[in-house]
Structures are given as structure tokens and as C-alpha cells.
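Structural features, examined
These are the residues of each chain, in order.
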Amino acid sequence: MSGAALEVRGLGKLFHHTLPRYRTMVGRLRRWADGGPSGLPVWALKDVSFEVARGECLGVMGPNGSGKSTLLALIAGILEPTEGAIRARGRVNTLLNLGAGLQQELSVRDNVEIFGILTGLSRRRALELTPRILDFAGVEPLAEVRMAELSSGQAARVAFSTAMHSDLDLLLVDETLSVGDSQFQAKCEGEFQRLRREGRTLIVVSHDEPALRAVATRILRLESGRVAGEPERIAAEAVSRG
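Residues numbered from 1 in each chain as written. Predicted model: local features only at pLDDT ≥ 70, side-chain atom pairs only at ≥ 80, totals over all residues. Heavy atoms only, no water.

Considerations on the packing of helix 4 (residues 123-137) against helix 5 (residues 152-164)
Counted only if it meets this: Axis geometry follows a simple rule: fit a line to the C-alpha atoms, using only the stretch in contact for helices, then measure angles between N-to-C directions, giving values from 0 to 180 degrees. Numbering of helices and strands runs from the N terminus, with a helix taken as a DSSP run of H or I at least four residues long and a strand as a DSSP run of E at least two residues long. Each angle is binned into one of four classes, with values under 35 degrees roughly parallel, values over 145 roughly antiparallel, values of 65 to 115 roughly perpendicular, and all other values oblique. A clockwise turn of the near helix away from the far one marks a right-handed crossing, whereas an anticlockwise turn of less than a right angle marks a left-handed crossing. For this analysis, residues touch if any pair of their heavy atoms sits within 4.5 Å. Three classes are used: nonpolar for Ala, Val, Leu, Ile, Met, Phe, Trp, Tyr, Cys and Pro, charged for Asp, Glu, Lys and Arg, and polar for all others, with Gly counted as polar.
With their axes 9 Å apart at the nearest point, helix 4 and helix 5 run at an angle of 130° to one another. Put simply, helix 4 runs oblique to helix 5. In the crossing of helix 4 with helix 5, the sense of the turn from one axis to the other is right-handed. Taken together, the residues of helix 5 that come into contact with helix 4 (itself represented by I133, F136 and A137) are R157, V158, S161 and T162. Taken together, the residues of the contact of helix 4 with helix 5 sort by class into four nonpolar, two polar and one charged.

Below, the structure written as C-alpha cells:
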């Protein structure tokens, strides 16, 4: 569909895992003489195809090692695909690690400004949104303390809240539904609904299926790097809260 916000066609990513070294010269010579491989080829993703419409929230689930984070890294442009093609329309976030870009010795307020700029906001817009971001993250009383003094959960909420208030067209969310308590997760659900109403597109990876069902319009399941059946569509009433 030409109007899709994201099109993925025949996507595959091959990694070569390094094999253990032989402890002795004799062992290494034997491997070389036998023509043995120096690395183990592993397909993290293979023949993955799907589309995401503008204003949709696609949830991605699967066991550890199924290729979820690799998929997000490929869409973000952090990794290059071995085969297949990705076509994303609009601005996509590339900061999948919630700790990326945070400066531990600077204040929380300064970090919001820096992280906002990294996600594409102008400095003026980042400063305008800072009070709202701090309030959403629940750290407004700690705005002037060093980032290093926040707990890991508080720091993750700061980064997540900043990304939620950015001007991105396609937002990639990796396991951030677990960065806060139930109250913060409820706020996130409402924020996801707001972004969808504004026409933003989201791809959310999580192991928490109930939380994912609360925000996703469809769920894509990965198993051993491949799509396991057609994406499951979530009932409209299940994602209209907030």
C-alpha cells in the first residue's frame, strides 16, 4: 500500500557469530587444514514482511532471541539489512536505548534539553516542552539535581517522556512499558493514544502482552526470526482508552 507509514519486504539480517578459539596451535592448524568455518552464520531475521498504516500502533512480541530488537534497529537505520527492503515515510527515532545521550553529571533539566534535541526538537521547542516532560516523568521536584542521582527507573522515564513529546512521525519503542509503575504505564497508554490521534505511527516491542494489547492495534509475533502467522488485530474498543 503506497499510503503505508512503513513497508517491510523480505527483510533478513545475517550475523556471523565467532566460534571459540582452539587452545593449541595444533587445533588451529587442524581447523585450517579441514577448511572449517571461522564463524557461525545465524539469521536473526529471515523473510519478514509487513506494513504499518499511518496512525497505527503495531505491537511486536516474541521470546528472547526472536529478532525483535534487531527488527527495530533495522527500521531505525542502525543496522543494514542483509536482504530485503524497508521504506519508512517521515522522521524515525534512532535512540532505542533509553540511556543513550543522557549525561550523568548534568542536571535532569539539562538532560531533557539535550535528549530533546537528539530526538529532533529545536532548542527553543525543547525548552518549551521541558516542564511538561518533567511532569509526565514524575521528576519535576528533581529537575535541578544531577542525572546520576536518579534511579535507573526515573532516568528511563525522563528519556521515554522526552521521546514521547518529540516531533517524530514513526516512533520505535523497545521494552519501555516496564519503566514505571502501573500509574506511569497508564499515562503512557494515554500518550500513545494521543500520538495516534495526531497521525503518528508507533512500533512497540514488549514481553508484557496485557500492556501491549492495551495500546496496540495489531500484534506481530516473531519466532526464530520469522513472522509467526498474520498479525493479530486487536479489537477497536481495546485500544480506545485514554
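A word on empty space enclosed by the protein
Where we set the bar: The distinction between a cavity and a pocket rests on a 1 Å grid over the protein atoms alone: a 1.4 Å probe fits inside a cavity but cannot get out, while a pocket stays open yet meets protein on both sides within 12 Å along at least five of seven lines, and a residue with an atom within 4 Å of a point counts as lining. Grid points are joined across faces, edges and corners, and a volume is the space filled by probe spheres set on the points.
Under the counting rule described, the total for this entry stands at two cavities of 30 Å³ or more. Volume-wise, the second largest cavity comes out at about 40 Å³. Lining the second largest cavity are A163, S166, L168, L171, L195 and R200. Broken down by class, the residue content of the lining of the second largest cavity amounts to four nonpolar, one polar and one charged.

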